[in-house]
Amino acid sequence: MTTDQAVDSVASTISSYLETKAGGPVAHDADLAAAGVLTSMVAMEIVVFLESTFGVSIVGRDLKLDNFRTVDSMVALVTRLRENPDNA
Amino acid sequence: MTPRLTVLGAGVMGTGIATLAIAHGIPVTLVDIEPAVLDRARGSVDRQLRHAQLLGAAPDVPPGELTTSTSVAGCAGSLAVIEAVSEHAEQKDKILREVSGIVAPGTVLISNTSGIPIDELAASVERPDELVGIHFMNPPYLITMVEVARGPRTSDRTMESVRSLLDLVNRRGIAVHDAPGFVTSRLLHPMINNAARIVGEGVAGADEVDELMAGCLGHPTGPLRTADLIGLDNLVDSLFALHERLGDPHYLPCEHLLDKVRAGRLGRKSGSGFYEYRS
């Protein structure tokens, strides 16, 4: 699998998870906070989902809401943590 | 040595209160009779601490240390002891009686009851002037306001200690007089009960009830999402406790709510309630 394909697959896994939360399609650049999907409780559920699905741990400075506002920002976070697992 | 807080009961509220204190750098001893519950609580506190950080709700200080114990014996030197066991007067009586015999005079005893009158609980303690109610909302580490219930025998000095404690964890308290359900439970619980009744009668689905209450009346999440967060079993216990003391049949939990509890659908903590939850 090329890097692009890997990124696509992360993105589609994340968006299908979010679609169950949003009750409809989720554009990869849609602001989930503005759409009312990223509530305080859902935000933490997303963190746990990303960690268990992609085997990453999201800690320290990465634990901020901005990283979870869009599918694109979550893909960027997961990709970075997978490439540098020690640089959390 | 930093003064330590003792929290009794490692359920949803006990772990949430422990997280609040730990996030503010205060060490906590969390006590429960079940070792398995304490094991799970460690994981919950860790996750809740990250939740608070994620939402910018934790100050930038090193977290306090969490100690767990199956015995209250270590609570003697605590800054304060917070009781967060189930909403059954007998259980609260038992634990408050035990703790009151151990702590030094001057140690504030706090009940996180959502509605059992403080003066009723005061019968269990040696120094009723040192007992006070702080009704934390779930999740305690995210909601910045608490309801403080002052019993008729609660002293000024105890109220002063409560203010200092709330300052330490950056919470604002509104003090009210003692009464069944105080203010928040007396208003919220019958509303949730009626919302459940409406769903049981088929007038509307849970999501429609919540959407209407949020969209038309400005409720942040809707009463049934709130119910799932509180825990439907706790809600039923609180409603019975309110009914027992106020007599109004409106407080008796409706069949739809009782059915959910009998089916083990207790809300978020069990994975389903009025809504389904994953992860």
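In this report, the structure presented in the accompanying data block is examined. (Residues numbered from 1 in each chain as written. Chains lettered and ligands numbered in written order. Predicted model: local features only at pLDDT ≥ 70, side-chain atom pairs only at ≥ 80, totals over all residues.)

1. Regarding the environment of Thr158 of chain B
All names here are of chain B. For Thr158, the position within the fold is in helix α5 (residues 156-168). For the pair Thr158 and Val132, spaced 26 residues apart in sequence, the C-alpha separation works out to 7.4 Å. With residues up to four places along the chain from it excluded, the contact list for Thr158 reads Val108, Asp129, Glu130 and Val132. (Helix = DSSP H or I, 4+ residues; strand = E, 2+ residues; numbered from the N terminus. Contact = placed C-beta atoms within 7 Å.)

2. Quick word on the packing of helix α6 (residues 184-200) of chain B against helix α10 (residues 255-262) of chain B
Residues and elements named next belong to chain B. The interhelical angle for the contact between α6 and α10, taken along N-to-C directions, is 90 degrees, at an axis separation of 7 Å. Here α10 runs roughly perpendicular to α6, going by the angle between their axes. Of α10, the residues touching α6 (which contributes Asn193, Ala196, Arg197, Val199 and Gly200) are Glu255, His256 and Leu257. (Axes fitted to C-alpha atoms, helices over the stretch in contact; angles between N-to-C directions. Parallel < 35°, antiparallel > 145°, perpendicular 65-115°, else oblique.)

3. Focus on the pairing of strand β5 (residues 108-111) of chain B
Residues and elements named next belong to chain B. Neither face of β5 is left uncovered, since the one carrying Val108 and Ile110 and the one carrying Leu109 and Ser111 both have all their residues buried. Pairing of strand β4 (residues 80-83) with β5 involves four bridges; the strand directions are parallel. Within the sheet, the bridge partner assigned to Ile82 lies in β5 and is Ile110. Since β4 and β5 lie parallel, the crossover through helix α3 (residues 89-100) that links them has a hand, and here it is right-handed. Alignment of β5 against strand β6 (residues 131-135), held across three bridges, turns out to be parallel. Residue pairing for β6: Ile110 is matched across the bridge by Val132. (Buried ≥ 20, exposed ≤ 12 C-beta atoms within 10 Å, placed from the backbone. Pairing = 2+ DSSP bridges. Right-handed = clockwise from strand over helix to strand, strands pointing away.)

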